[in-house]
2 protein chains.
Amino acid sequence: MSLQSEIFEQPERLAHLLQAQQDTVEKIVIAIRKSEIKYVFLAARGTSDNAGRYANYLWGALNKLPLALATPSLFTYYNQPPKLDEALVVGISQSGQSPDIVSVLEEGHLQGCLTLAITNEPDSPLARAADLVLDIQAGEEKAVAATKTYTNELMAIAMISAALSGSKTHKRDLEKVSGWAEKVLKQDEPIARLAERYRYMRQCVVLGRGFNYCTAFEWALKLKELTYTVAEPYSSADFQHGPIAMVEGGFPIMAVSPRGKVQDSMLEMLGRLRGDHRAELVVISDDKRALSLAQSPIQLPDGMPEWLTPIVGIIPAQLFSYDLTKAKGLDPEKPRTIWKVTETH
Amino acid sequence: MSLQSEIFEQPERLAHLLQAQQDTVEKIVIAIRKSEIKYVFLAARGTSDNAGRYANYLWGALNKLPLALATPSLFTYYNQPPKLDEALVVGISQSGQSPDIVSVLEEGHLQGCLTLAITNEPDSPLARAADLVLDIQAGEEKAVAATKTYTNELMAIAMISAALSGSKTHKRDLEKVSGWAEKVLKQDEPIARLAERYRYMRQCVVLGRGFNYCTAFEWALKLKELTYTVAEPYSSADFQHGPIAMVEGGFPIMAVSPRGKVQDSMLEMLGRLRGDHRAELVVISDDKRALSLAQSPIQLPDGMPEWLTPIVGIIPAQLFSYDLTKAKGLDPEKPRTIWKVTETH
């Protein structure tokens, strides 16, 4: 039962990280300020890469930091890394083991860049290769599908953002995340009932935009890992540039669509999908307009600021993926052919 | 019949671009050298975003330039663009019309960055917003699914790379691309026969790595736009971090796998998919080992250097997508619900 219990551990783990690593985050931010970096160069794979997508939007919007997602094969197979002048080089990995991610940090160090590891394993090769280490303190994650390490990676990224901006409102908002997470977990029963309807779903699309682009990717990844559904994530903008052609009547679309600056564009897309394409919609939102368009609405707590919705918004998606796995008669604890630590070069 | 004729126009259009824009490319490269940029910040959507993925690997590996793919919504909906000090800001768009891509260039200009537009429409809003314009001269593209504008965007990116590196070998190799493209088009009949087998395919995965990561994305996009197949692109490394769990016996995997530095890792993955997962493989390659693993092998010309394989390697994938569209009884000239110019904000 590790997957289910790890999903339910999240409120506690989020609160713990926030308290335990406040000082480390302040030290990291002092080092970043000193080094006068021009942009962030970030390496990650799988779930941690989705955390990187959150950093891309969050650090860009709130901290004015441009972010480049690394292409690790340039550092390994090609052995032709780019010149990383004045970059902050960041590696995110739960296990801290994947050799390609470690290579990017080692190269950053060689080139004289400031390097930061965000990991659940402070004694890992990734942590040893970094100048700065942020231990996400999620506790051991036994389930193959990552849940609490993902939300704690997001929390770590949000803590760095709030410390960089120095905003007191942001720091206060961080303290509410654990409570919102707890609230959303109370919907486990309605979500389990609603997942039944997708027992025979073989393929779907998952939409999210802006800060929740990462949530679309992470929801899709959980569906693929656990339920073997072909689930493809998109921003609603990219989806319009071609892939929307796939959608016929009844085609299932999952959407994470909380209130915020991109919500009008999401509502327009959801309205078009429901109205013109007669699509089937599963919508996670705190916005009645979005929920009313869905055959399967999932309510988020009220009052969350948009920048923190990804940390809370993924939790009902984790529950949905877990419940759908059981509805399909599969074992959520033992997904076939994948392992906890994947070492890629 | 515009789609088919535009696919077959490509050798001529590639040769034309190479000749017509040599001087413009030299001027662009002089301007780039003068401005002492630290990294590239690139904005694009759809097919052009896939061309951006080529630039990410090519300019990284051969020109040591790190590249960040822009998140346009930060410039539009959020109105919180990052600080782009010492970045070269690049927009790629066939039509030059999409307001979000134009916004990124306008912001770059406001911040004092050097800006470059790569477009088929030198009088478009994107071109007007840029300091430097590279007209890809693909001629009017009538089909909704982009083909010749994609390969000419790749050629434009390759020309900039060769001019930046000053390598004579690379410049000579560019002249051979048109001939290789012509050669690969001669396989249109065997490809049409082979596409029949996938008449009832509803979903698939498309794999590529390194320089051909872009080819996987573009092949998947053609399959989605034209055949309404749920086709999800992956690097073989990311695929291992979870999504491989989806693959059961007979699951169709498309792969672009030419000789080169990532080929050993691709061969290992293809071997595992065929051997352990009993997957169905369609493989585009110039490597007998890769072709021999496929139920449906598609041969590339011999002797291509790896960095240019994406320009040639996408062409049989375009043919395959076109033929599969016809095999499915659909109209390749009129994909449903998408339009030639998509304006996203």
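A quick note: this is a predicted structure, and the numbers were derived from the prediction, not measured. (Residues numbered from 1 in each chain as written. Chains lettered and ligands numbered in written order. Predicted model: local features only at pLDDT ≥ 70, side-chain atom pairs only at ≥ 80, totals over all residues. Heavy atoms only, no water.)

## What about the packing of aromatic side chains?
Aromatic ring pairs are reported here in terms of the distance separating the ring centres and the angle at which the planes meet. Residue and element names in this part refer to chain A. The cut-off we apply is this: Each pair of aromatic rings taken from Phe, Tyr and Trp, with Trp reduced to its six-membered ring, is defined by centres within 6.5 Å and is described as stacked if the planes are under 30 degrees apart, edge-to-face if over 60, and tilted in the remaining cases. By definition, any uninterrupted DSSP run of H or I lasting at least four residues is a helix, any uninterrupted run of E lasting at least two residues is a strand, and each is numbered from the N terminus. Think of it in three bands: with a 1.4 Å probe and only protein chains considered, a residue is buried below 20% of the maximum accessible area for its type, exposed above 50%, and partly exposed in between.
Tallied over the entire structure, the rule returns 15 aromatic pairs over all chains. With 5.8 Å between their ring centres and 55° between their planes, Tyr198 and Phe320 make a pair best called tilted. Pair noted here: Tyr198 is in the loop between helix 9 (188-195) and strand 6 (203-207) and Phe320 is in helix 14 (residues 309-327), with a separation of 122 residues, a long-range link. As far as the burial class goes, Tyr198 and Phe320 line up, both buried.

## Side note on the nonpolar core
Defined as follows: Residues belong to one nonpolar core when they are buried, are Ala, Val, Leu, Ile, Met, Phe, Trp, Tyr or Cys, and are joined through side-chain atoms within 4.5 Å.
Among the nonpolar cores identified, the biggest contains 215 residues, and A:Trp219, A:Phe320, B:Trp219 and B:Phe320 are the most heavily contacted of them. Judged by nonpolar contacts, the second largest core, of 42 residues, contains A:Val205, A:Tyr234, B:Met266 and B:Leu281.

## Thoughts on the domain arrangement of chain A
Residues and elements named next belong to chain A. We apply this condition: For the domains described, the bounds stem from an automatic or database domain assignment. We call two residues in contact whenever any of their non-hydrogen atoms come within 4.5 Å of each other. Once two parts are put together, the accessible area they lose, assessed with a 1.4 Å probe and summed over both, is termed the buried area. The salt bridge criterion pairs a side-chain nitrogen of Lys or Arg with a carboxyl oxygen of Asp or Glu, the two atoms within 4 Å. Any N or O atom pair separated by 3.5 Å or less is treated as a polar contact, with the protein-specific requirement of one donor-capable and one acceptor-capable atom, and with residues adjacent in sequence counted only for side-chain atom pairs. Residues are grouped as follows: nonpolar covers Ala, Val, Leu, Ile, Met, Phe, Trp, Tyr, Cys and Pro; charged covers Asp, Glu, Lys and Arg; every other residue, Gly included, is treated as polar.
Split by domain assignment, chain A resolves into domain 1 (3-175) and domain 2 (183-327). The distance between the C-alpha centroids of domain 1 and domain 2 comes to 26 Å. Facing 28 residues of domain 1, the contacting portion of domain 2 comprises 23 residues. Carbon and sulfur atoms make up 74% of the area that domain 1 and domain 2 hide from each other, which totals about 2300 Å². Connecting domain 1 to domain 2 are 0 salt bridges. Our enumeration of links across domain 1 and domain 2 arrives at 6 residue pairs in polar contact (both at pLDDT 80 or more). Secondary structure elements with two or more residues in the side of domain 1 that touches domain 2: helix 1 (2-20), helix 3 (46-63), helix 6 (148-165) and helix 7 (168-174). When residues in the side of domain 1 that touches domain 2 are grouped by element, the largest group, 9 residues, is from helix 3. Considered class by class, the residues forming the side of domain 1 that touches domain 2 number 18 nonpolar, 8 polar and 2 charged.

## A short note on the sheet that holds strand 9 (residues 280-285) of chain B
All names here are of chain B. We apply this condition: Pairing between strands is defined by DSSP: at least two bridges between them are needed. Inter-axis angles, ranging from 0 to 180 degrees, are taken between N-to-C directions of lines fitted to C-alpha atoms, where helices are fitted over the stretch in contact.
Taken in spatial order, the 5 strands line up as 7-6-8-9-10 in an open sheet, and their pairing is parallel. Strands at the two margins of the open sheet, each flanked by one partner only, are strand 7 (230-234) and strand 10 (296-299). Pairs of neighbouring strands in the sheet enclose a mean axial angle of 15°, with direction left out of account. Here strand 6 (residues 203-207) runs beside strand 7; their pairing, made up of 5 bridges, is parallel.

## Re the interface of chain B and chain A
Frequently, the measure chosen for interface size is the accessible area removed from exposure when the parts meet. Taken together, the contact between chain B and chain A spans 71 residues of the former and 71 residues of the latter. There are 8 salt bridges connecting chain B and chain A. Note that B:Asp238 and A:Arg45 form a salt bridge whose closest N and O atoms lie 3.0 Å from each other. On inspection of chain B and its partner chain A, the count reaches 16 residue pairs in polar contact (both at pLDDT 80 or more). For the side of chain B that touches chain A, the secondary structure elements donating two or more residues are strand 1 (39-43), helix 3 (46-63), strand 2 (67-69), helix 9 (213-227), strand 7, helix 10 (236-240) and helix 11 (263-275) of chain B. Among the elements that line the side of chain B that touches chain A, the one with the most residues is helix 3 of chain B, at 6 residues.

## Observations regarding unusual backbone geometry
Residues and elements named next belong to chain B. Located in the positive-phi region is Gln137, a residue other than glycine, with phi close to 50°. Given a relative accessible area of 23%, Gln137 falls into the partly exposed group. Of note, the phi angle at Arg278 is positive, near 50°, even though the residue is not glycine. Turning to its location among the elements, Arg278 is positioned in the loop between helix 11 and strand 9. Assessed through its relative accessible area of 57%, Arg278 is described here as exposed.

## Observations concerning the pattern of salt bridges
The full count for this structure, using the stated rule, is 34 salt bridges over all chains. Between A:Arg202 and B:Glu248 there is a salt bridge, and its shortest N-O distance comes to 3.3 Å. Of the two residues, A:Arg202 sits in the loop between helix 9 and strand 6 while B:Glu248 sits in the loop between helix 10 and strand 8 (252-256), which places them in two different chains. In this structure A:Arg202 comes out as partly exposed when scored by relative accessible area, which is 48%. Look at B:Glu248 and you get partly exposed, because its relative accessible area is 36%. Notably, a salt bridge pairs A:Asp286 with A:Arg259, separated by 4.0 Å at the nearest N-O pair. With A:Asp286 in the loop between strand 9 (280-285) and helix 13 (288-292) and A:Arg259 in the loop between strand 8 (252-256) and helix 12 (263-275), this residue pair connects regions lying 27 residues apart in the sequence. Because the salt bridges share partners, they merge into one network encompassing A:Lys38, A:Glu86, B:Lys38 and B:Glu86.

## Some remarks on the side chain of A:Asp238
Position of A:Asp238 among the secondary structure elements: in helix 11 (residues 236-240). On the accessibility criterion, A:Asp238 (15% relative accessible area) is buried. Once residues within four sequence positions are removed from consideration, A:Asp238 is found in contact with A:Tyr213, A:Pro243, B:Arg45 and B:Gly46.

## Quick look at the sheet that holds strand 5 (residues 132-135) of chain A
Strand pairing within a sheet occurs via backbone hydrogen bonds; the two strands may be parallel or antiparallel. Residue and element names in this part refer to chain A. One open sheet holds the 5 strands; their spatial order is 2-1-3-4-5, and the pairing between them is parallel. Looking at the sheet topology across the chains shown, the edges are occupied by strand 2 (67-69) and strand 5. Strand-to-strand, the axes of this sheet are offset by a mean angle of 20°, without reference to chain direction. Relative to strand 5, strand 4 (residues 114-119) runs parallel, the two sharing 4 bridges. Within the sheet, the bridge partner assigned to Ile118 lies in strand 5 and is Leu134. Here helix 2 (residues 22-35) sits on the sheet in contact with strand 3 (87-93), strand 4 and strand 5, set at roughly 150° to strand 5.

## Comments concerning the relation of the copies chain B and chain A
Heads up, the rule is: All copies are superposed by least squares; the fitting set is the C-alpha atoms of residues with a pLDDT of at least 70 in both.
Here chain B sits on chain A after a turn of 180° about the axis and a move of 0.0 Å along it, with an RMSD of 0.0 Å. Between the two chains, the operation in question is that of a two-fold axis. When C-alpha distances to the rotation axis are compared across chain B, the minimum falls at B:Ala68, with a value of 2.0 Å. Both copies present the same face, since 100% of the interface residues in chain B are matched by interface residues at the equivalent positions in chain A.

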